[in-house]
Each structure stands twice: as C-alpha cells, then as structure tokens.
Amino acid sequence: MFNEHNKDEYPPAHTAEHLLNQLMIRMFGCERSHNAHIERKKSKISYILDRKPDRREEKEIEQQMNELIAEDLPVTFEFVDRMQLPKNINAERLPEDVSDTIRLVHIGNYDVCPCIGKHVRSTAQIGRFEMLGTNWDEQTHAFRIRFKII
C-alpha cells in the first residue's frame, strides 16, 4: 500500500523531469530540484547552483536531454522496504508518513529515484525536449529552466 498521490502527471514531462534532475546533478553537482511545476503544455523547474550556467551550457542541457530521450532507455520500477533503501537514495525527501514499501523508478542505468507518479515505458516515448528559456536569481543562486515536451 502506497501513500496517497494527489497529482495526475503528464507521463512524458514527468519522466523528462527525472532525466533533467540527473543531468543537472551530473553537469553541475547540484541536488535534485526542490521546486518543479511539471505540466502538459509548459513546465518549469529550479536548481540551486554555484554559478549561472552560460549559453553554451544551456544549449548542452537541451542537447543532452534529447540524446538521452533518443537512447530509448527503459523505465522500470523496483519495490523496496523503506528501511532497506539503497545507499544512493536520499530518504530525506520522503514524506514523514511514507509507506513501508517504496517504489523506485529506474531510467535505464542513468537515474533512480523514489516516485509514485506516472511515467512512460521508455524515454523514446517522451518526445522532444525544448528549452523555452531560463532565469537566474543571483541572490538565491536559483537557476530556473522553462521547457516543453513536443
């Protein structure tokens, strides 16, 4: 029995969110986003970074996202006991009343994350990732990406 889920995600954009989180971790050494608004028409997601990415890096984010999507990575699920989470899984973000069984979402060997949301079966089903723009907040070091899935 899982916790109640109050969202009705658009699976292609939600799966792209997982990919983008891991890509940003690998490119910038940041954490997964703490602030995401993922929708069918347009999405926005923010990361706390040490510095503002330059235009070349912004283009690289979009290019690498589309390369990952084209790899047609399988999206699979694993069920684990919450007391026996793998070491690479951050349990701090799980709700206090989390169920005893946790569903881990694997995207190939690229990303794994606890999640009860809806996903596509493989990354090729996502479509194309198009970055619409970015914003940088110098005070908070928040880098926001606006994107859509086509």
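Anything mentioned here points back to the structure above.
Residues numbered from 1 in each chain as written. Predicted model: local features only at pLDDT ≥ 70, side-chain atom pairs only at ≥ 80, totals over all residues. Heavy atoms only, no water.

By the bridge criterion, 4 bridges tie strand S4 (residues 101–107) to strand S5 (residues 111–114) in an arrangement that is antiparallel. The partner of Leu-104 across the bridge, within S5, is Pro-114. The hairpin turn running from S4 into S5, its antiparallel successor, is 3 residues long, and Gly-108 in that turn takes a positive phi close to 50 degrees. (Pairing = 2+ DSSP bridges. Helix = DSSP H or I, 4+ residues; strand = E, 2+ residues; numbered from the N terminus.)

So, about the pattern of salt bridges. Enumeration over the complete set of coordinates arrives at 7 salt bridges. With a shortest N-O distance of 2.9 Å, Glu-58 and Arg-55 are connected by a salt bridge. With Glu-58 and Arg-55 both in helix H2 (residues 55–70) and 3 residues apart, this pair spans about one turn of that helix. A residue is classified by how much of its surface remains accessible, and Glu-58, at 6% relative accessible area, is buried. (Salt bridge = Lys/Arg side-chain N within 4 Å of Asp/Glu carboxyl O. Buried < 20%, exposed > 50% of the residue type's maximum accessible area, 1.4 Å probe, protein only.)

With 31 residues, the main nonpolar core has Leu-20, Met-24, Ile-61 and Ile-145 as its most contacted residues. Contributions of two or more residues to this core are made by helix H1 (11–28), strand S2 (43–48), H2, S4, strand S6 (129–137) and strand S7 (142–149). Considering every element that reaches this core, the biggest residue donor is H1, with 7 residues. When sequence neighbours within four positions are dropped, the list of residues in contact with Ile-145 reads Leu-20, Met-24, Ser-43, Lys-44, Ile-45, Tyr-47, Ile-61, Met-131, Gly-133 and Thr-134. If you look at the next biggest cluster of nonpolar residues, it comprises 7 residues, including Leu-85, Ile-89, Val-98 and Ile-102. (Core = buried A, V, L, I, M, F, W, Y, C linked by side-chain atoms within 4.5 Å. Contact = heavy atoms within 4.5 Å.)

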